[in-house]
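Each chain, written out:
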Amino acid sequence: MAATKTAAKMESDGKSAVSSPGKAKQTSGFLMSIVRTLSSSADFEQRGKEKKRIEKAFQESDKKLGLLVKENYQDLTSILKSFSDISDKVNESRTKIKNIKEDLSSCKTLLHCKRDELRKLWIEGVEQKTIASLLDQIEQVKNVPEKLDTHFARREYLQATNCIVAAVAKLESNLSHIEALRDLKVEILARKERMHEVLIEELNRQIYTVSSQASQSRTGSGRTGSGRHGDMSLRVMMEFSDARDDTHVEDDPQKLISSLLESLYILNKTPEAAEAIKMRMHQELIAIVARASHQLVDSSGSPGENLMGQFLPRQLSDLLDIIFRQFRSVANIHDVVLANLRKIMHEKAEQSGVYIKPESMYTKRDVWSKIQAVTELLLNEYLDVRNTVKSRQQAPSNYEEATMDIGTYFTKKKTQKQKKGSLFRFDASIHALSTNSYVEDTHHFESELFGGGTMHMDTPKHVFVCKPSVDNIRSIYKQLQIFIKEVESSSALQPGESSLNEFVKNFVEDTYLGHIHYVVSNNIDIATKVDEEEESFDALRNVIDHKTQKELGVPRPLLQSTVTVDKSVSELKDLMTELPDYADQFLNMICNVLRGYRDTCHNAYRGIVQYDADEKRVISAMWAKDEDISRFLRSLPSWRTLQPTNGQELNRTVCSEEEMRALNSKEAVILITNLSSDEAFIPQHEIITDVTQMRTVANVHESLEWFAVRLKNFSITKATQASQQLVVESPVYDSSPKVSQKTLESLNGIVKDFQDLSEVCLLLLHLEVRVHCFYYLMPVAKQSNYAGPIDDLDPDSNVLKLNKDLSGIEELLAASLQPSKFKYIFESLGYLVASILMNSMQFIKKINENGIKKMCRNLFAIQQNLTNITMSRESDLDHARQYYELLYLNPEKILTLIAEKGSQFTLAEYSQLLQLYHRSHFTVDQAVVDAHLKRLREVTEKGHNETV
């Protein structure tokens, strides 16, 4: 038990010492102090007390130790067992170590005895290892060609480059003296020398072919059918990529380009690659154009068909859309190439300390410059710049200025003497035509765009997608401007600095504007040419056919020249929208065209109404231009009903028959005052005797009115757009036409001139018909005999002439004027005729019953004719006939009738009636005449007062 306690105490002390070294140190210090106390104490009793105290403490500790051993018996047993096992293993290990030391000492002794043999064996081992390493290298080099083929097939260009560079390094170092590898070394070195060419070719293929095809497949069919386009894209992909490549195409072309450039850097061919890219850029872009052309021709459903003779500008727009899309993809890939070049150059600079800017090889601006150059080549062919310039050089120089006065082409031209020419020429012979055609075709296909000398053999030849024409610019101008803005933005250029913008600007300004001006001028010149034999303006004689009239939706025929001018103006309007940057120039052309046509119409109008070189004109023309008369005629309700706005206003105003009669009376009074006098009759040259000229005037009116309305609507539209330009601006390209306010004001002035001339023509017709009535009716009273024999009862010959004249005018104007305007011409004409004949009573010297009947027959003949024309009974002529029938009565009966029934005529008319009666009955006594006139005034004044 004591032993157990002792062991437990030792274990506890050991554990305590191990677990708490500080505590063990403290305990040992305590024991030493006890020993020092006991040894230093001289008193035995004191030592006894100390001893008892220590024994007591020992007993307590022993008791505690026993309790602890009891409580931790299992742990103590396990510790003792483990300690025993460890002790046994330590003893066993000591024995083994001792034996190993003895064995090593023995081996050392033996090895020392065979040192030379061991050295020989070590040397042989090193040699064998070196030979095995060389054999491994030879085996690796031997498999290099096969590995290269595998890497190239998988597009693992970086691995292939590392492989061939490592193989060349081995062949030029460790394996340089192996004669058996000479042929292999030559082959690998040759492949390395050619490898950068393959990499550069693949890099160009990725930049141009793959990127352009990818852009086309991503964007889909565009304007063409999706199914056909999808088949076509697949066909194009198969055409330009072999089956092996298509099987292993990498998903990320940027990584592929990066690996290609890194491979070229490893081969020390980066500058050569950049230079090759720059040199190949032009022809690769041309190849893109050629492939896109074939693609579009195939997708149009007419492969193999020659589209060069068909004017299909939409095809050209589609082609540019495809090409620009592919050019953008190419530019984006070039951005990737330049970014990788900068990265490679930076890494090279860190290694060598020499930095070379990739911009010194080529830049993004170089790419866009080449793209612009190829685009210019394409436009040069499709806009037919060469032939257009050639034809422009042959054309008269007068057409060069777009702001020239076109009116010079509308004046009458003198007959030119025929120049003496050669007897015959061979220019139009079959041989000459075929030769010229061959030379022209050869010239076309020798151009750079068509593969003239620099294209690869496998590059498809360019085909035309439409007919080359200067007018193709119309469908592609906006498209080009958007692309130009993109080019300038990508190239960091100021607006307008790009070469493509300069090309388009020069073409439009130097070629197209002049071409359009020449075409428009020539068309109008043909439409408004003068018939020199008949000395008349065809421009105001020829009218459109019924088919054209129906297409235009007009109720009456229009002048062919007006429709031609309107068509030319419409073309220029379309050009203003299609080439908005030159809208002001085209608007100036429109103004020049309109000025010229206005001058033509004015000249032709003067040719009709002017009868002398001294600006002497027919009466109706002078009155139509007179401001007072014109203002009065325009104020009449009959005129205002012809105006759309004023017509609506008039419909709300009640205009009684008395008011209309008063207005008609005022017009008749003005005309009678100016045309009825004791002087000579109206000369024949002061009226329009050729009724066909009146039809011409009617055609001019209808045509210019229709034309002025169209021009006015156009002017209002352009004015609205001009005001909106100050507010709305497109961030990319402002496609709204840009016109100046001054040009718009000029256009409005010309439109007003056309409208004024149209109104003058209508007023002229209105007045001319009335002047004709004066021309034929004034001799009826002044020259005819109304006191003749009983058998002279037929209408006056001048009345018959008037009826014939009015019938002829009615027949022509009914087909030339709208019903409302035809009504305006002949409306109130019966009142005027009645007023003329009633006022003419003062010019009749004497009249008998036969004369009265003759005058009544005159009135009845005119009434019948006017009724057939206006389709309404002309009651005013009945009134005039009643006036002349009063001559059957004597003055007393007339005065009695006035007193009983009131005045039906004016005092002046009754006075003329009484005076004619007295002249006819040879009344000598003037007192009788004065008495009747005095009684007439009294009766009429009394009747007037009673009425009031």
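This structure is a prediction, so every number in the text was calculated from the model and none was measured.

About the cut-offs
- Residues numbered from 1 in each chain as written.
- Predicted model: local features only at pLDDT ≥ 70, side-chain atom pairs only at ≥ 80, totals over all residues.
- Heavy atoms only, no water.
- Helix = DSSP H or I, 4+ residues; strand = E, 2+ residues; numbered from the N terminus.
- Contact = heavy atoms within 4.5 Å.
- Areas by Shrake-Rupley, 256 points an atom, 1.4 Å probe, with all protein chains shown as cover.
- Phe/Tyr/Trp six-rings, centres within 6.5 Å; stacked < 30°, edge-to-face > 60°.
- Buried < 20%, exposed > 50% of the residue type's maximum accessible area, 1.4 Å probe, protein only.
- Core = buried A, V, L, I, M, F, W, Y, C linked by side-chain atoms within 4.5 Å.
- Axes fitted to C-alpha atoms, helices over the stretch in contact; angles between N-to-C directions.
- Parallel < 35°, antiparallel > 145°, perpendicular 65-115°, else oblique.
- Left-handed = near helix turned anticlockwise from the far one by under 90°.
- Nonpolar A, V, L, I, M, F, W, Y, C, P; charged D, E, K, R; others polar.
- Bend = angle between axes of the 7 residues up to and from the residue.
- Salt bridge = Lys/Arg side-chain N within 4 Å of Asp/Glu carboxyl O.
- Polar contact = N/O pair within 3.5 Å; in protein donor to acceptor, adjacent residues only side chain to side chain.
- pLDDT = per-residue confidence, 0-100.
- Disulfide = S-S within 2.5 Å.

Thoughts on the overall build of the protein
- A tally of regular secondary structure across the protein gives 36 helices and two strands.
- Within the protein, residue pairs in contact and separated by at least 24 positions form 80% of the contacts whose partners lie at least 6 positions apart.
- For the protein, the computed accessible surface area is about 52,900 Å², with 53% contributed by carbon and sulfur atoms.

Description of the packing of aromatic side chains
- Under the definition given, this model contains 15 aromatic pairs.
- On the basis of an interplanar angle of 5° and a centroid distance of 3.8 Å, the ring pair of F324 and F483 is categorised as stacked. Here F483 lies in helix α17 (residues 473-490) and F324 lies in helix α13 (residues 313-352), a separation of 159 residues in the sequence. Residues F324 and F483 agree in their burial class; the two are buried.
- Ring geometry for W639 versus Y824: centroids 5.7 Å apart, planes at 65°, classification edge-to-face.

A closer look at the nonpolar core
- Counting residues in hydrophobic clusters, the biggest one holds 212 residues, and the most contacted among them are F327, V337, F586, L594, L777 and F826.
- Here this core takes 22 residues from helix α28 (residues 741-782), the largest share from any one element.
- Ignoring any residue separated from it by four or fewer positions in sequence, one finds F586 in contact with Y512, L513, I516, L572, L575, M576 and L579.

Quick word on the packing of helix α21 (residues 583-609) against α28
- In the contact formed by α21 and α28, the axes pass within 10 Å of each other and the chain directions differ by 20°. Classified by the angle their axes make, α21 and α28 are roughly parallel. Here α21 runs over α28; the crossing is left-handed.
- Within the contact of α21 with α28, the residues separate by chemical class into 16 nonpolar, four polar and four charged.

A short note on the side chain of D796
- With respect to the helices and strands, the residue D796 is situated in the loop between α28 and α29 (797-816).
- Apart from residues lying up to four places away in sequence, D796 is in contact with V780, S784, Y786, K854 and N858.

What to know about helix α12 (residues 270-299)
- By the largest-angle criterion, M281 marks the main kink of α12, which is about 45°.
- In terms of residue burial, α12 counts as a mostly covered element, since 22 of its 30 residues are buried.

Examining the packing of α17 against helix α20 (residues 560-578)
- It is the contact of α17 with α20, at a shortest axis distance of 9 Å, that shows an interaxial angle of 20°. Taken together, the axes of α17 and α20 are roughly parallel relative to one another. Between α17 and α20 the crossing geometry is right-handed. Facing R474, Y477 and K478 of α17, the residues of α20 in contact are E571, D574, L575, T577 and E578.
- For the contact of α17 with α20, the class distribution of residues is two nonpolar, one polar and five charged.

Some thoughts on the pattern of salt bridges
- One pass over the full model with this rule turns up 23 salt bridges.
- One salt bridge connects D149 with R191, and the closest N-O pair in it is separated by 3.1 Å. Of the two residues, D149 sits in helix α6 (residues 144-153) while R191 sits in helix α8 (residues 182-219), which places them 42 residues apart along the sequence.
- A relative accessible area of 45% places D149 in the partly exposed class.
- Taking the shortest distance from any N to any O, the salt bridge between D878 and R873 comes out at 2.9 Å.
- Residue classification places R873 among the exposed residues on the basis of a relative accessible area of 58%.
- The structure contains a network of salt bridges with shared partners spanning R155, E202 and R205.

Thoughts on the environment of N340
- Tracing the backbone through its elements, the reader meets N340 in helix α13.
- Distance from N340 to S259, taken between C-alpha atoms, is 9.4 Å for residues 81 residues apart in sequence.
- With sequence-adjacent residues up to four places away left out, N340 is seen in contact with S258 and L261.

Considerations on the side chain of S498
- By the element assignment, S498 lies in the loop between α17 and α18 (499-527).
- Reaching out from S498, the side chain makes a polar contact with the backbone nitrogen of N501 at a distance of 3.3 Å.
- Ignoring anything within four residues of it in the chain, the contact list for S498 reads Q372, I484, V487, E488 and L493.

Some remarks on unusual backbone geometry
- Phi is positive for D384, close to 55°, though the residue is something other than glycine.
- Assignment of secondary structure puts D384 in the loop between α14 (364-382) and α15 (385-394).

Regarding the confidence of the model for the protein
- Summing up the model confidence of the protein, the mean pLDDT is 77 and the portion of residues at 70 or higher is 77%.
- When the criterion is pLDDT under 50, residues 1-20 qualifies, and its contacts beyond four places in sequence or with other chains add up to 15 contacts.
- Here residues 393-424 is modelled with pLDDT under 50, and outside its nearest four sequence neighbours on either side it reaches 44 contacts, counting other chains as well.

Thoughts on the state of the cysteines
- For the structure on display, the rule yields zero disulfides.
- Just so you know, C601 is unpaired, no disulfide at all, and the nearest cysteine sulfur is the one on C761, 8.2 Å from it.

Quick word on the environment of Q915
- The residue Q915 is located in helix α35 (residues 907-920) in this model.
- Overall, the relative accessible area of 34% leaves Q915 in the partly exposed class.
- For the pair Q915 and L933, spaced 18 residues apart in sequence, the C-alpha to C-alpha distance is 8.6 Å.

Some remarks on helix α30 (residues 819-826)
- Buried residues of α30: K821, F822, Y824, I825 and F826, and no others.
- Immediately beyond the C-terminal end of α30, within one or two residues, lies S828, with a positive phi of roughly 60°.

Section: the environment of F311
- Here F311 is to be found in the loop between α12 and α13.
- In this structure, the C-alpha to C-alpha distance between F311 and D471, residues 160 residues apart in sequence, is 9.4 Å.

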